[in-house]
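Observations on chain architecture
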Amino acid sequence: RLVSDWSSDVCSSDLWVDPTNPNIVVVGGLDIWRSMDGGVTLTDIGGYTGGIHPDQHAIISIPTYNGSSIRTVFIGDDGGIFQAADIYSASPGSGWTSLINNLDITQFYGAAGNNTSGVIIGGTQDNGTPLYKPTSGSNAWTYVYGGDGGYCAADPTDTNYFYGEYVYLDIFRSANGGASANDISH
């Protein structure tokens, strides 16, 4: 094991070791954690509820990284790419820059559309259940439901009804064209 006290919040899927100092270790999973003592202790530096997006998939340093004057590291996650200009001092809500640049970055699990209205609803990985209305212009997505989206359905005869899935088969329904939704599985 890399660290002496794994927590369920770490759930590491990525590992980066400072090429100039093996005591500096960054692990990613649900969030980003840093160790300054070779993995003995970990500090949450991502703060996904107020900082970077959750579910990390890649950690890489800039090619000119030298551990002193250049300590830039990039994080790839379910919300895009984030940069820490100084990975030694990055913390929740501080030291992170989003490099998304207005790109809508997400992974769809499923989507459905209504042939009459052209409205599309889709369930996404960690980016909720967005709804697209052609009358609102390109990239005019709104969110019907947050968190993890799943499979979706559109009522073929009534443009007001859309259905979506959340985790653990939690089903919700919108009866107002996607303006809001309510849980119907409980």
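The coordinates are above.
So, a few notes on the structure that sits alongside this text. (Residues numbered from 1 in each chain as written. Predicted model: local features only at pLDDT ≥ 70, side-chain atom pairs only at ≥ 80, totals over all residues. Heavy atoms only, no water.)

1. Points about the overall build of the chain
This is how the line gets drawn: What counts as a helix is a DSSP run of H or I of at least four residues, what counts as a strand is a run of E of at least two, and both are numbered from the N terminus. Under the scheme applied here, a residue whose accessible area is under 20% of the maximum for its type counts as buried, over 50% as exposed, and between as partly exposed, the area being computed with a 1.4 Å probe on protein chains only. Contact between two residues is taken to exist if any of their heavy atoms lie within 4.5 Å; hydrogens are not considered. Accessible surface area values rest on a Shrake-Rupley calculation with a 1.4 Å probe, where residue burial reflects the displayed protein chains alone. In this count, Lys and Arg are taken as positive residues and Asp and Glu as negative ones, while His and the chain termini are left out. All charge positions are set by atom: Lys at NZ, Arg at CZ, Asp at CG, Glu at CD.
Counting its secondary structure elements, the chain contains 0 helices and 16 strands. Projected onto its principal axes, the C-alpha coordinates of the chain cover approximately 65 × 35 × 20 Å. Across the 186 residues in the chain, those meeting the buried criterion constitute 42%. Long-range contacts, defined as pairs at least 24 residues apart, comprise 33% of the intrachain contacts of the chain with a sequence gap of at least 6. A total of about 9,800 Å² of accessible surface is found on the chain, and carbon and sulfur atoms cover 52% of it. Separation between the mean location of the 5 positive side-chain charges and that of the 19 negative ones in the chain comes to 4 Å.

2. Focus on the pattern of salt bridges
We count it as follows: For salt bridges, the criterion is a side-chain nitrogen of Lys or Arg within 4 Å of an Asp or Glu carboxyl oxygen.
The full count for this structure, using the stated rule, is 1 salt bridge. Between aspartate 86 and arginine 71 there is a salt bridge, with the nearest N and O atoms lying 2.8 Å from each other. In this pair, aspartate 86 sits in the loop between β7 (80–84) and β8 (96–98) while arginine 71 sits in the loop between β5 (56–61) and β6 (73–77), placing the two residues 15 residues apart along the sequence. The partly exposed category is assigned to aspartate 86, whose relative accessible area is 22%.

3. Observations concerning the environment of glycine 177
Mapped onto the secondary structure, glycine 177 falls in the loop between β15 (170–174) and β16 (182–183). For glycine 177, a relative accessible area of 10% translates into the label buried. Through-space distance from the C-alpha of glycine 177 to that of asparagine 139 is 18 Å; in sequence the pair is 38 residues apart. Excluding its chain neighbours within four sequence positions, the residues that come into contact with glycine 177 are Leu131, Lys133, Thr159, Asn160 and Phe162.

4. Let's talk about the packing of aromatic side chains
Note the threshold: In this scheme Phe, Tyr and Trp rings, the latter by its six-membered ring, pair at centre separations within 6.5 Å, and the angle between planes marks the pair as stacked below 30 degrees, edge-to-face above 60, and tilted otherwise.
What the rule picks out here adds up to 5 aromatic pairs. With 5.4 Å between their ring centres and 80° between their planes, tryptophan 16 and tyrosine 65 make a pair best called edge-to-face. Within this pair, whereas tryptophan 16 is found in strand β1 (residues 14–17), its partner tyrosine 65 is found in the loop between β5 and β6, the two being separated by 49 residues in sequence. With relative accessibility at 7%, the residue tryptophan 16 sits in the buried group. With a centroid separation of 4.0 Å and 5° between ring planes, the pair formed by tyrosine 145 and phenylalanine 172 is classed as stacked. With tyrosine 145 in strand β12 (residues 141–145) and phenylalanine 172 in strand β15, the pair connects residues that are 27 residues apart, well separated along the chain. The residues tyrosine 145 and phenylalanine 172 share a single accessibility class, namely buried.

5. What about the sheet that holds strand β14 (residues 162–166)?
Applied cut-off: Whether two strands pair comes down to DSSP finding at least two bridges between them.
Taken in spatial order, the 4 strands line up as β13-β14-β15-β16 in an open sheet, and their pairing is antiparallel. Either end of the sheet is taken by a strand with one partner, and the two such strands are β13 (152–154) and β16.

6. Overview of a nonpolar patch on the surface
This is how the line gets drawn: Patch definition: residues with relative accessible area over 30% and no salt bridge; like charges joined within 9 Å; nonpolar side chains (Val, Leu, Ile, Met, Phe, Trp, Tyr) joined within 5 Å.
Nonpolar side chains collect at one region of the surface, where Phe108, Ile120 and Trp141 lie side by side and expose about 250 Å² of accessible area between them. Looking at the element boundaries, tryptophan 141 is found in strand β12.

7. Looking at the environment of glycine 110
Of note, glycine 110 is situated in strand β9 (residues 108–113). Contacts of glycine 110, omitting those with residues within four sequence positions, involve Ile121, Gly122, Gly123, Gly150, Tyr151 and Cys152.

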